[in-house]
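# Reading the structure
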Amino acid sequence: MDDKPEPGPLSESSELLFSFGVIADIQYADLEDGYNFQGNRRRYYRHSLLHLQGAIEHWNKESSTPCCVLQLGDVIDGYNAQYRASEKALERVMTTFQTLKVPVHHTWGNHEFYNFSRDYLTHSKLNSKFLQDQIAHHPETVPSENYYAYHFVPFPKFRFILLDAYDMSVLGVDQSSPKYQQCLKMLKEHNPNAELNSPQGLSEPQFVQFNGGFSQEQLNWLNEVLTFSDKNQEKVVIAIFPFSPRPTVCAWPGITETPWPSFGLTSVWCVSSPATLMMVATLRIRLVFTTSTW
């Protein structure tokens, strides 16, 4: 690969093409404040809904309305399952989202699977696949029903792709299914710890139970979509739940960095959740914007 070009300056006089909102790690629960898994960061379970309401109010009032919002996973907290409050918590968050004036595209994180099965999520309001675009005469770019991923075009020559980061996972899958057994075997081959959520002593710390990965089927589909975008000189934004504080994909099947380094796309951005505090942002795409090619 050639050296990555330096991003160009953003000028106030440059033409604004469109903007989109990003929110991640809402992790709502009707509970008193608590702490994260490590016990070093406070979590405001009830207050997170106020942050969501504030973000929606901001987006609704913007002079240049965002074309859409990407919700990057962990919309409710895993604690809801212990109190049998998962459906009620999800309904509160989704009712709040209904006040937003633009479409919301949802990805699924580990907290979704702490609360619900994959089958439940497929038939829930967190399935926004109905918003996908179809590329005429290119059936290879239609995703399979075996994973939750799709693509859409919010603005000409820009394609957004949502990936299923838990396509290969022991979370949300029936334990009697062949897929569960396959994923458990893969996990134990790389993680000998009795506690499979512990990365203690692992040379590949991504192999923990709360992570997941991509099937070859999904990667092949991604290859087809990126190939199409490359031939048609589209810019691509990939939305993904990375299950890591690092800005990289940390998936099981040997994929520790972004799995699309060989494409000669004009530009590719990866929009991902940092898996820490709630992230809220509005990203504006300007005509003069340049970025590094991955």
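Further up the page is the structure itself.
In what follows, the accompanying structure is described. None of these values were measured; they are calculated from a predicted model. (Residues numbered from 1 in each chain as written. Predicted model: local features only at pLDDT ≥ 70, side-chain atom pairs only at ≥ 80, totals over all residues. Heavy atoms only, no water.)

## Regarding the overall build of the protein
From N to C terminus, the protein includes seven helices and ten strands. Counting only residues that meet the buried cut, the protein has 51% of its 294 residues in that class. Excluding contacts between residues fewer than 6 apart, the proportion of contacts in the protein whose partners are at least 24 apart in sequence is 71%. Accessible surface, the protein: about 14,600 Å² in total, of which carbon and sulfur atoms supply 52%. (Helix = DSSP H or I, 4+ residues; strand = E, 2+ residues; numbered from the N terminus. Buried < 20%, exposed > 50% of the residue type's maximum accessible area, 1.4 Å probe, protein only. Contact = heavy atoms within 4.5 Å. Areas by Shrake-Rupley, 256 points an atom, 1.4 Å probe, with all protein chains shown as cover.)

## Regarding the packing of aromatic side chains
One pair of aromatic rings is described through two measures. These are the centre distance and the angle between the planes. Applying the stated criterion to the full structure yields 15 aromatic pairs. Measuring from centroid to centroid gives 4.9 Å for Phe20 and Phe160, while their planes differ by 75°, and the two rings are edge-to-face. Linking Phe20 in strand 1 (residues 16-24) with Phe160 in strand 7 (residues 158-162), this pair joins segments that are 140 residues apart in sequence. What makes Phe20 buried here is its relative accessible area of 1%. (Phe/Tyr/Trp six-rings, centres within 6.5 Å; stacked < 30°, edge-to-face > 60°.)

## Considerations on the environment of Gln209
Mapped onto the elements, Gln209 comes out in the loop between helix 6 (178-190) and helix 7 (216-231). Taking C-alpha positions, Gln209 is 7.4 Å from Leu187, a pair spaced 22 residues apart along the chain. In this structure, Gln209 is in contact with Val170, Leu171, Leu187, Leu196 and Asn197, ignoring residues within four places of it in sequence.

## Quick look at the pattern of salt bridges
Enumeration over the complete set of coordinates arrives at ten salt bridges. Across the salt bridge formed by Asp33 and Arg42, the nearest N and O atoms sit 3.6 Å from each other. Among the residues examined, Arg42 registers a relative accessible area of 36% and is labelled partly exposed. Among the ionic pairs, Lys185 bridges to Glu189, the shortest N-O distance being 2.6 Å. (Salt bridge = Lys/Arg side-chain N within 4 Å of Asp/Glu carboxyl O.)

## Points about helix 7
Look at helix 7: 22 Å from first C-alpha to last across 16 residues, which is about the 22 Å you get at 1.5 Å a residue. Within the sequence span of helix 7, burial applies to Gln218, Leu219, Trp221, Leu222, Val225, Leu226, Phe228 and Ser229. Those residues of helix 7 that are buried are in contact with strand 6 (150-155), strand 7 and strand 8 (235-240). Directly after helix 7, the chain includes Gln233, whose backbone phi takes a positive value near 55°. (Expected span 1.5 Å × (residues − 1).)

## Brief notes about the pairing of strand 7
Of all the five residues making up strand 7, five are buried; the element is thus mostly covered by neighbouring parts of the structure. Count of turn residues in the strand 6/strand 7 antiparallel hairpin: two residues, of which Lys157 carries a positive phi of about 75°. Here strand 7 pairs with strand 8 via five bridges, running parallel. When the sheet's bridge partners are listed, Phe160 is paired in strand 8 with Val237. (Pairing = 2+ DSSP bridges.)

## Digging into unusual backbone geometry
Despite not being glycine, Asp25 has its phi angle at roughly 55°, a positive value. Inspection of the secondary structure puts Asp25 in the loop between strand 1 and strand 2 (34-35). With a phi close to 50°, Gln27 is a non-glycine residue in the positive phi region. With respect to the helices, strands and loops of the structure, Gln27 is situated in the loop between strand 1 and strand 2.

## Remarks on the nonpolar core
Membership of the largest hydrophobic core comes to 57 residues, with the highest contact counts inside it found for Val93, Phe97 and Ile161. Those elements that place two or more of their residues in this core are strand 1, helix 1 (47-61), strand 4 (69-71), helix 3 (86-97), strand 6, strand 7, helix 7 and strand 8. Among the elements that make up this core, the one with the highest residue count is strand 1 (six residues). In this structure, this core is formed jointly by two domains, domain 1 (17-131) and domain 2 (133-286), each of which donates at least three residues. When neighbours within four sequence positions are excluded, Phe97 is seen to be in contact with Ile23, Ile26, Leu52, Ile56, Gln71, Val75, Val104 and His106. In this structure, Met168, Cys183, Leu184 and Phe207 belong to the second largest nonpolar core, which totals ten residues. (Core = buried A, V, L, I, M, F, W, Y, C linked by side-chain atoms within 4.5 Å. Domains from an automatic or database assignment.)

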